Every structure is written in structure tokens, then in C-alpha cells.
Amino acid sequence: MITFPQGFVASGVTAGLKESGKPDLALVVNEGPLDEAAGVFTTNRVVAWPVQWTRNALADGRLKAVVLNSGNANVATPGGMDVTTATAEAVAQHLSLEASDVGVCSTGVIGVTLESAPLVAGVAEAVAGLGVDGGSDAAEAIMTTDTVSKQATFESGFKIGGMAKGAGMIAPGMATMLCIITTDAVIDSESAQNVLVDAVNTTFNRIDVDGCMSTNDTVLLLASGASGITPDLQEFARGVNEVCSDLAKQMIGDAEGASHDIDIQVTHSATEEGALAVARAIAQSNLFKCAIFGNDPNWGRIISAAGTVPESEAPFDPQDLAVIINGVPVAEQGVDTGRRDEVDMAANRLVTVELQLGSGTESASILTNDLTYDYVTENSAYTT
């Protein structure tokens, strides 16, 4: 959890943004002695007001607190930046900080006006509830369609903790959700930024629930330096990557309505970039995802999705393709092996799909999920 490393306190409260009355405001505070920070944000051109604020706040590589709300995304809202500013200023006033030292994150429905009053009042309650045991409360308060909170830890002398929310509107393209990572390691913001970007690219950018990129995606890494340990940079990167990978897998496991997690591995590719492009094309095929939901090893949908990637990006000969589903070769040299009936997708939630391109030695993978009735039901009634 985010208070696992030394130097951090957190809380989660109910500010009244959700009609359900569930917790909807979280606060994470870095008590130092360092306030180094790094961040990665959505690449969506339609961007939330809090993302714009936090990008600017992080320009100097420092943050001392982050306030997060669920229940309203604060995107395309009149006066949205004023609400974000008021929220940051409330945190700053209560903690004797500068507002520019406070990051702001929001998640929820787009285009619904957000008032500052409940947020400001919620901040006061959140400050009063801050503690080292508040990490789980904070993780719960940022949930939207999540069914469970998502937390992860790593320890190697220094400690790393993380929390994330995300169950839908998740696609490769940046970070794909809200995530706060904390560490008590002694590390500068430039090194932290490089490590975070690399970790995001190989974890959060390798999951795909529904091919839809959010307007609010934010991953923040806060370093308190409270352990006094300056880690080997490779070891620190390993820890950040493990936490991000753990959280990413939890997000896929909690994907809206999903009944299967799917590990898509594209191997024997000329380049890693080409393998990744093919894996993403498969992950974003609704026909493929529906087949997995129906426990149907329809490998034709896999190779047809692969064929949509331009040859210049991923060269391969269709007659060299091989498909393996849950360890069973169902296609070799581009034709059926007659072994579909051996594939069992009902026994376990995880389905592994390997597509061998036969054009090289590089590989890449994407985690995704199936497309179910429950996903359609939930997202057809999301705002009502």
C-alpha cells in the first residue's frame, strides 16, 4: 500500500460526490525529508482539468501531496480548473504548503459539473484522518467501477508501495488509469522520471480492456527519502516495475464484467515493435474477445486481426503462422491442426494465446480480457 514506505500518510473519506455514499476522496502526503516526484499522463487530446494542473505542478520535479477524487472526472466542465485550483489550495492551506506542491487527480463521469464545496469540505476531513494506516482507505476511495481496491508493495532495503484504480476505459497509450506510487528511497526526480516512463511502457501500456483511452490517466511517483538508502538504479527500477506490473495485472483481473484474463504473446517476430503492434491488434478485436468469452478456440480471429497490421510494421508470411492456445497448437504453417477440441478454456480464468509470426526472434505481449454481456450492460447504463 502507499503508506508501506516510510514518510507517507494517507486517508480516504466520503465527500458526497457519489450517490452511493461510498468513499470518494483520497489524500496522500509525503512527509519527507525529500519531495522528489515524477509523473506520466494521458496522451488524449481531450484532457481533464486536474491533469493540466498536475502537469504544471510537477514541472519542478516536486510534489508534497496528492488529492484524488472519484465520482466525477472534471473533464469538459465549466469552471473545472477553478474547482481543481480550489481543491489544491484547500490541501495547501491545511498542510501549510504551496498549492503548486499539490497534485490533483479525478476520475468518474465526463462532462458533469463538479462543485468545489464538497471537495473543500472533504479535504478538511481527509487531513484530519491522515495516518500511516490510511493507505487502504485511500485505495478504496479512488474506486469507480472497480469491484476491489488495488495495492502492491516491494521491499529491498528501501520500500515501494502503490495503489491504482481501473477496470474499464483502459487501452495502451499511456498509463490507462489513476495510480500513485510511493518510495522511501533516496532518488532524484530525473532518475525517478526515467524509471517511471520505462515501467509504464512495459506494464500499464501493455494492458488493454476495451481499446478506450481515458482523459484522466495519471501515474505519479513520490519519493520521501525517509529510509536514507540510495538504491542501485537497476534495483530501484526492478522494484517500480514489479509494483506497476502487479497493479496492471490486478486491473485486468478486475476488468468490467470479464470472465477470462488473456495473455497474448506474439513471438518469432522481426522486431519487438512489430510484435507489439500485432498483439495490440488482437487485443482490440471484439470478435476475438467474444470467442474467448464463449470458450471457442477460434484461431482464425487471431490471425485475421494480425493481418490488419501493415507489412511495413510487422512483416510475416501467412503460411508461416502458428497459433498455440493454452499450450495446444491449433494452427501450424497457417492451417488448422485438427486439435481445437483439446483446448480447455473453461477450467481457468487465464487464457494464454501465442501467435508465432515466423519472421524473426523478437517478441512482445499484451494482457487483455474477454468481452461479456456484463461489460455491455454496465457500460450501457454507466451514467444512469
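Details of the structure are given in the entry above.
About the criteria used
- Residues numbered from 1 in each chain as written.
- Predicted model: local features only at pLDDT ≥ 70, side-chain atom pairs only at ≥ 80, totals over all residues.
- Heavy atoms only, no water.
- Helix = DSSP H or I, 4+ residues; strand = E, 2+ residues; numbered from the N terminus.
- Polar contact = N/O pair within 3.5 Å; in protein donor to acceptor, adjacent residues only side chain to side chain.
- Contact = heavy atoms within 4.5 Å.
- Salt bridge = Lys/Arg side-chain N within 4 Å of Asp/Glu carboxyl O.
- Buried < 20%, exposed > 50% of the residue type's maximum accessible area, 1.4 Å probe, protein only.
- Core = buried A, V, L, I, M, F, W, Y, C linked by side-chain atoms within 4.5 Å.
- 1 Å grid on protein atoms, 1.4 Å probe; cavity = no way out; pocket = protein on both sides within 12 Å on 5 of 7 lines; lining within 4 Å.
- Points joined across faces, edges and corners; volume = space filled by probe spheres on them.
- Pairing = 2+ DSSP bridges.
- Axes fitted to C-alpha atoms, helices over the stretch in contact; angles between N-to-C directions.
- Arc of directions from axis to C-beta.
- Phe/Tyr/Trp six-rings, centres within 6.5 Å; stacked < 30°, edge-to-face > 60°.
- Right-handed = clockwise from strand over helix to strand, strands pointing away.

A. Inspection of the side chain of Thr 183 at higher detail. Tracing the chain through its elements places Thr 183 in strand β8 (residues 178-183). Of the polar contacts made by the side chain of Thr 183, one reaches the backbone nitrogen of Ala 185; its length is 3.1 Å. Not counting chain neighbours up to four residues away, the residues in contact with Thr 183 comprise Pro 5, Phe 8, Phe 158, Lys 159, Ile 160, Leu 221, Leu 222, Ala 223, Ser 224, Gly 225 and Phe 236.

B. Seen up close, the pattern of salt bridges. Tallied over the entire structure, the rule returns nine salt bridges. Across the pair Glu 272 and Arg 206 runs a salt bridge whose closest N-O atoms are separated by 3.2 Å. Note that Glu 272 is positioned in helix α7 (residues 272-283) and Arg 206 in the loop between α5 (189-202) and β9 (207-208), a separation of 66 residues in sequence. Accessibility expressed as a relative area gives 14% for Arg 206, which makes it buried. Between Asp 336 and Arg 340 there is a salt bridge, and its shortest N-O distance comes to 3.1 Å. Arg 340 gets classed as partly exposed once you look at its relative accessible area, which sits at 33%.

C. Inspection of the nonpolar core at higher detail. The biggest cluster of nonpolar side chains holds 50 residues, and the ones touching the most others in it are Leu 68 and Met 163. When sequence neighbours within four positions are dropped, the list of residues in contact with Leu 68 reads Asp 24, Leu 25, Ala 26, Val 28, Cys 105, Ile 142, Met 163, Leu 178 and Ile 180. Judged by nonpolar contacts, the second largest core, of 34 residues, contains Ala 277, Val 343, Met 345 and Ile 366.

D. Here's a closer look at empty space enclosed by the protein. The tally for this structure, following the rule as stated, stands at one cavity of 30 Å³ or more. Considering only enclosed or pocket space, the largest cavity measures out at about 50 Å³ in volume. Considering the residues around the largest cavity, the lining is formed by 13 residues, among which Asn 69, Thr 87, Val 104, Ser 106 and Leu 119 are closest to the centre. Taken together, the elements giving at least two residues each to the lining of the largest cavity come down to β4 (65-70), α2 (80-95) and β5 (102-107).

E. Seen up close, the sheet that holds β8. With respect to topology, five strands assemble into an open sheet ordered β3-β10-β8-β7-β6, the strand pairing being mixed. In this open sheet, the two strands that pair with only one neighbour each are β3 (36-41) and β6 (150-156). Here the strands of the sheet are splayed against their neighbours by 10 degrees on average, with no regard to which way each runs. Here β3 runs beside strand β10 (residues 218-223); their pairing, made up of six bridges, is antiparallel. Looking at the pairing, Phe 41 lines up with Thr 218 of β10. Relative to β6, helix α6 (residues 233-253) is tilted by about 160 degrees, and along the sheet it contacts β6, β7 (158-165), β8 and β10.

F. How the structure looks around helix α8 (residues 286-293). Regarding α8, the residues found buried are Phe 288, Lys 289, Ala 291 and Ile 292. Each buried residue of α8 sits inside an arc of 155 degrees when the element is viewed along its axis, so together they form one side. If you follow the buried residues of α8, they end up packed against β9, β11 (261-269), α7, α9 (299-306), β15 (350-356) and β16 (362-369). Asn 295 occupies a position one or two residues after α8 and carries a positive phi of about 55 degrees.

G. A look at the packing of aromatic side chains. Across all of its chains, the model carries two aromatic pairs by this definition. With a centroid separation of 6.1 Å and 45 degrees between ring planes, the pair formed by Phe 154 and Phe 158 is classed as tilted. The burial state of Phe 154 is the same as that of Phe 158; both residues are buried. With a centroid separation of 5.9 Å and an interplanar angle of 45 degrees, the aromatic rings of Phe 158 and Phe 236 are classed as tilted. Pair noted here: Phe 158 is in strand β7 and Phe 236 is in helix α6, with a separation of 78 residues, a long-range link. The class of Phe 158 is buried, set by a relative accessible area of 2%. The exposure class assigned to Phe 236 is buried, which follows from its relative accessible area of 0%. Members of the aromatic cluster, joined through ring pairs, are Phe 154, Phe 158 and Phe 236.

H. How the structure looks around the side chain of Thr 267. By secondary structure assignment, the location of Thr 267 is in strand β11. Residue classification places Thr 267 among the buried residues on the basis of a relative accessible area of 14%. Among the polar contacts listed, one links the side chain of Thr 267 to the side chain of Glu 354, at a separation of 2.8 Å. Contact partners of Thr 267, with chain neighbours within four places excluded, come to Glu 354, Leu 355, Gln 356, Leu 357, Gly 358, Glu 362 and Ser 363.

I. Expanded view of the sheet that holds strand β13 (residues 328-332). One open sheet accounts for seven strands, arranged β9-β16-β11-β15-β12-β13-β14; its pairing is mixed. In this open sheet, the two edge strands, each paired with only one partner strand, are β9 and β14 (335-336). In this sheet, β15 lies alongside β11 in parallel orientation, the contact comprising seven bridges. Residue Ile 264 lies in a different strand from β15, and its bridge partner there is Val 353. Where α8 meets the sheet, it contacts β9, β11, β15 and β16, and its direction lies at approximately 125 degrees from that of β11.

J. Looking closely at the pairing of β4. Extensive coverage of β4 is indicated by the burial of six of its six residues. Along β4, one buried face is formed by Ala 65, Val 67 and Asn 69 and the opposite face, lined by Val 66, Leu 68 and Ser 70, is buried too. Pairing between strand β2 (residues 25-30) and β4: five bridges, direction antiparallel. Residue pairing for β4: Val 29 is matched across the bridge by Ala 65. Pairing between β4 and β5: six bridges, direction parallel. Paired with Val 67 across the strands is Val 104, a residue of β5. Running through α2, the crossover from β4 to the neighbouring parallel element β5 is right-handed.

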